[in-house]
Amino acid sequence: MAAASSLELDPPPGFLADRIALFDRLKSKYDAELASKTSQPIKVTLPDGRIMEGESWKSTPYDIACMISKGLADNCVVAKVNGDLWDLDRTFEGDATLELMKFDDKEGEQVFWHSSAHMLGEAMERHYGGCLCYGPPIKDGFFYDMHLSDRTVSQGDYDYLNTLVKNISKEKQPFVRLEMTKEDLLEMFKYNEFKCRIIRERVTTPTTTVYRCGPLIDLCRGPHVRHTGKVKAIEVTKNSSSLWEGKAEAESLQRIYGISFPDSKQLKEYKHFQAEAAKRDHRKIGRDQELFFFHELSPGSCFFFPKGAHIYNTLVDFIRTEYRVRGFQEVISPNIYNCKLFETSGHWGHYQKNIYHFDVEKETYGLKPMNCPGHCLMFGSRARSFRELPLRYADFGVLHRNEISGALSGLTRVRRFQQDDAHIFCTVEQIEEEMKGCFAFLKHVYGVFGFTFDLFLSTRPDEFLGDAAVWDRAEAQLKKSLTEFVGDQWKLNPGDGAFYGPKIDIILKDALRREHQCATIQMDFQLPERFNLTYQGSGDDAEKRPVIIHRAILGSVERMIAVLTENYGGKWPFWLSPRQITVVPVSVPFNEYALKVAQRCKNEGFCAEADVDSDTMNKKVRNAQLAQFNYILVVGQKELENGTVNVRTRDQEVHGEFSLEDFVKRCKLLQSSRSSTDSFTQE
């Protein structure tokens, strides 16, 4: 074990030398085989149609990039050869298409962070010893898990790790790829039970690859950057405990997170961004503004205080208002079902671990994790006619999902939540029009919040229900609908569909340009089959299957509140605000008038208070601004005599004197407009 003050172990772990010796022996053999291959002239086709000349088993994507521009070559992170991600220094095997990807490409970013995870893994082995487990890129950086039997990671270790990864960067260690047999892999990683489990349980081919950088050799499909010097700015960000493969009964691991960029300026910008994001953390704002909290006696289930409940209910009311004009009918369905329902729907086979279930009178029952199976029962409760379609059921019912404790994160990942969940039962001929309606609904709601968004089509996963031909048909329909909505401004997300159908994922961007997935639109031909749902067609006696469109705009109301809290930074627009108005008397004699004004505002449906404490007027105004009241009404002798209020804002704007009637009228207009700005000017 490393001493608390050691940069790295001395002597180093014995497995390092053994691992390198085996690698070097096998790599020499591979290099000899490569040198013996007959090289042939090849053609490499670029995205613009240009054709570059090369040689098989000799030329690399980096060579081709250098033929175009040395600067381009050095700015590339990774290549795509014939559509597959490919190391820049890996040789071509024949004629190929070539794409060159930089850090600002999403796939390039993920490869860059994956390589950075290997650098962190090397530092961890040199500092702690231990057994490395998984080290993937993630949405915002990367992490590496390590099993340590006699030590835990602390923030005091960060300086050592940061020093090591910076040294690793300076050394420009090449990333070297090598294909190995399972037998050789088990020999190489015999010191690490976790890697051996991966090899035995996850590697289903006779061979797979490892990558080496410096003394680190890791089981990995790759690809990677050319060398560690490409990662010019890298830093440890946090640490936590984790569980092997997320299993509650498995070994406890130590997880270390990091972030990296191609240059130090980007890291500096990232730190500034993170500092701003920390100020907007919904958990902090929720606590400071007394909106909500969590308790260890009900982990993953939020307690909403009155002001938090106001925001929650206002969002739900907003969607309910839209439902009325868009032809949705709200329903109420049970929370507890016999699990035979989930067997019928297919959720029991694919989702059982996330369903809270228990025995009742020798039968297994479960809390519903989603509404669709119950809505299928409602649709199938009687004979249906084509004249009833489309039938749009909406449900705000409470849902429960058994998320592992380590995955819980404020309001963004909870166990108890509600969705603006809806299921549209329609004919095949109605799909196109219903999809247009879903997109229009989405555009309107996100427009109110000021969100922009990107669209992704997630297609058939490896484990899916139903016939592949039916899936192809559904995916084709969604592609057509997306193209009609945004042209070619959507992206494919292969293999990430739900097990019962393809889906459109909507990734919104907030005020800090962070991405969040909330809304979803999913096509489903499977549940109507599994529940034997039919409707009577027109003009004949034939029964037909409806199609189900699953859709949610807010998604989880809890998650949307987290996103909005951070998007607004706690400065809620008037229509959503739980602190819309406070009345401040200039002195004690005007307390009664202040209370009267506040009550009038309450009677008109606004969130209003009067501050009649003993503080000075200036102190009360300042407190109201800090508490993010949208409007602060100052009242004194003049206002009492005239039946007026003097209006100012949390941003220190003074709008002046208004009659109480005029003020109420303006607030009603502002509330009904759902404006994201609190515009309050004299007309």
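One structure accompanies this document, and this report is about it. Predicted model only: the values in this text are computed from it and were never measured.

**Comments concerning the overall build of the chain**
Okay, so step 1: Counting its regular elements, the chain contains 21 helices and 34 strands.
Okay, so step 2: By its C-alpha atoms, the chain is 100 × 75 × 60 Å across when sized along the principal axes.
Okay, so step 3: For the chain, buried positions account for 51% of its 683 residues.
Okay, so step 4: When contacts within the chain are restricted to residue pairs at least 6 apart in sequence, those whose partners lie at least 24 apart make up 67%.
Okay, so step 5: About 31,900 Å² of surface is accessible on the chain, with carbon and sulfur atoms providing 49% of the total.
Okay, so step 6: The positive charge centre, built from 89 side chains, and the negative charge centre, built from 97, are 2 Å apart in the chain.

**Some words on helix α18 (residues 591–603)**
The α-helix advances 3.6 residues per turn, and as a result positions three or four apart in sequence lie on the same side.
Okay, so step 1: Counted at 1.5 Å a residue, the expected span for α18 with its 13 residues is 18 Å, and the 18 Å between its end C-alpha atoms agrees.
Okay, so step 2: Summarising the contacts, the buried residues of α18 are in contact with β30 (581–585), β31 (608–610), β32 (631–635), α20 (637–642), β33 (644–649) and α21 (660–673).
Okay, so step 3: Phi for Gly-605, located one or two positions after α18, is positive at around 95 degrees.

**A look at the pairing of strand β23 (residues 452–458)**
Okay, so step 1: Note: β23 against strand β25 (residues 503–509), seven bridges, orientation antiparallel. When the sheet's bridge partners are listed, Phe-456 is paired in β25 with Asp-505.
Okay, so step 2: Note that the unit made of β23, helix α15 (residues 468–486) and strand β24 (residues 490–493) has a crossover that is right-handed.

**Concerning the packing of aromatic side chains**
Okay, so step 1: All chains considered together, the criterion is met by 32 aromatic pairs.
Okay, so step 2: Their ring planes at 50 degrees and their centres at 5.6 Å tell us that Phe-261 and Tyr-270 sit as a pair that is tilted.
Okay, so step 3: Taking relative accessible area as the criterion, Tyr-270 reaches 14% and is therefore assigned buried.
Okay, so step 4: Counting every residue linked through ring pairs, the aromatic cluster contains Phe-318, Tyr-446, Phe-449, Phe-451, Phe-453 and Trp-575.

**What to know about the packing of helix α14 (residues 431–449) against α15**
Okay, so step 1: As a packed pair, α14 and α15 sit with axes 10 Å apart at the nearest point and diverge in direction by 50 degrees. With respect to α15, the element α14 is oriented oblique. Crossing geometry of α14 relative to α15 is assigned as right-handed. Here α14 contributes Ile-431, Glu-432, Met-435, Lys-436, Phe-439 and Lys-443 to the contact with α15, which in turn contributes Gln-477, Leu-478, Lys-480, Ser-481, Leu-482, Glu-484 and Phe-485.
Okay, so step 2: Looking at the contact of α14 with α15 residue by residue, the classes come out as six nonpolar, two polar and five charged.

**Considerations on the sheet that holds strand β2 (residues 51–55)**
Okay, so step 1: Pairing is mixed in the open sheet, where five strands are placed in the order β2-β1-β5-β3-β4. Only two strands of the sheet have a single partner each, and these edge strands are β2 and β4 (84–86). Each adjacent strand pair in this sheet contributes to an overall mean axis angle of 40 degrees, direction not counted.
Okay, so step 2: Sheet topology places strand β1 (residues 41–45) next to β2; five bridges connect them, and they run antiparallel. Along β2, the bridge assignment pairs Val-44 with Met-52.
Okay, so step 3: Across the face of the sheet, helix α4 (residues 106–128) comes into contact with β3 (78–81), β4 and β5 (96–101) while running at roughly 125 degrees to β3.

**So, the sheet that holds strand β10 (residues 207–213)**
Okay, so step 1: Strand order in the open sheet made by the three strands is β9-β10-β11, with antiparallel pairing throughout. Looking along the sheet, the strands with just one partner apiece sit at the ends: β9 (176–181) and β11 (216–219). Neighbour-to-neighbour, the strand axes of the sheet open up by a mean angle of 30 degrees, direction not taken into account.
Okay, so step 2: Pairing of β9 with β10, which is carried by six bridges, proceeds in the antiparallel orientation. Bridging across to β10, Leu-178 finds its partner in Val-210.

**Points about the state of the cysteines**
Okay, so step 1: Here the structure, examined in full by the defined rule, presents zero disulfides.
Okay, so step 2: Not engaged in a disulfide, the cysteine Cys-302 finds its nearest cysteine sulfur in Cys-518; these two sulfurs lie 16 Å apart.
Okay, so step 3: With relative accessibility at 17%, the residue Cys-302 sits in the buried group.
Okay, so step 4: A disulfide-free cysteine, Cys-372 has its sulfur positioned 6.5 Å from the sulfur of Cys-376, the nearest such atom.

**Thoughts on the environment of Pro-47**
Okay, so step 1: For Pro-47, the location among the structural elements is in the loop between β1 and β2.
Okay, so step 2: C-alpha of Pro-47 to C-alpha of Glu-99: the two residues are 52 residues apart in sequence and 6.4 Å apart in space.
Okay, so step 3: Apart from residues no more than four positions distant in its own chain, Pro-47 is found in contact with Leu-98 and Glu-99.

How each quantity is defined
- Residues numbered from 1 in each chain as written.
- Predicted model: local features only at pLDDT ≥ 70, side-chain atom pairs only at ≥ 80, totals over all residues.
- Heavy atoms only, no water.
- Helix = DSSP H or I, 4+ residues; strand = E, 2+ residues; numbered from the N terminus.
- Buried < 20%, exposed > 50% of the residue type's maximum accessible area, 1.4 Å probe, protein only.
- Contact = heavy atoms within 4.5 Å.
- Areas by Shrake-Rupley, 256 points an atom, 1.4 Å probe, with all protein chains shown as cover.
- Lys, Arg positive; Asp, Glu negative; His and termini not counted.
- Charge placed at Lys NZ, Arg CZ, Asp CG, Glu CD.
- Expected span 1.5 Å × (residues − 1).
- Pairing = 2+ DSSP bridges.
- Right-handed = clockwise from strand over helix to strand, strands pointing away.
- Phe/Tyr/Trp six-rings, centres within 6.5 Å; stacked < 30°, edge-to-face > 60°.
- Axes fitted to C-alpha atoms, helices over the stretch in contact; angles between N-to-C directions.
- Parallel < 35°, antiparallel > 145°, perpendicular 65-115°, else oblique.
- Left-handed = near helix turned anticlockwise from the far one by under 90°.
- Nonpolar A, V, L, I, M, F, W, Y, C, P; charged D, E, K, R; others polar.
- Disulfide = S-S within 2.5 Å.

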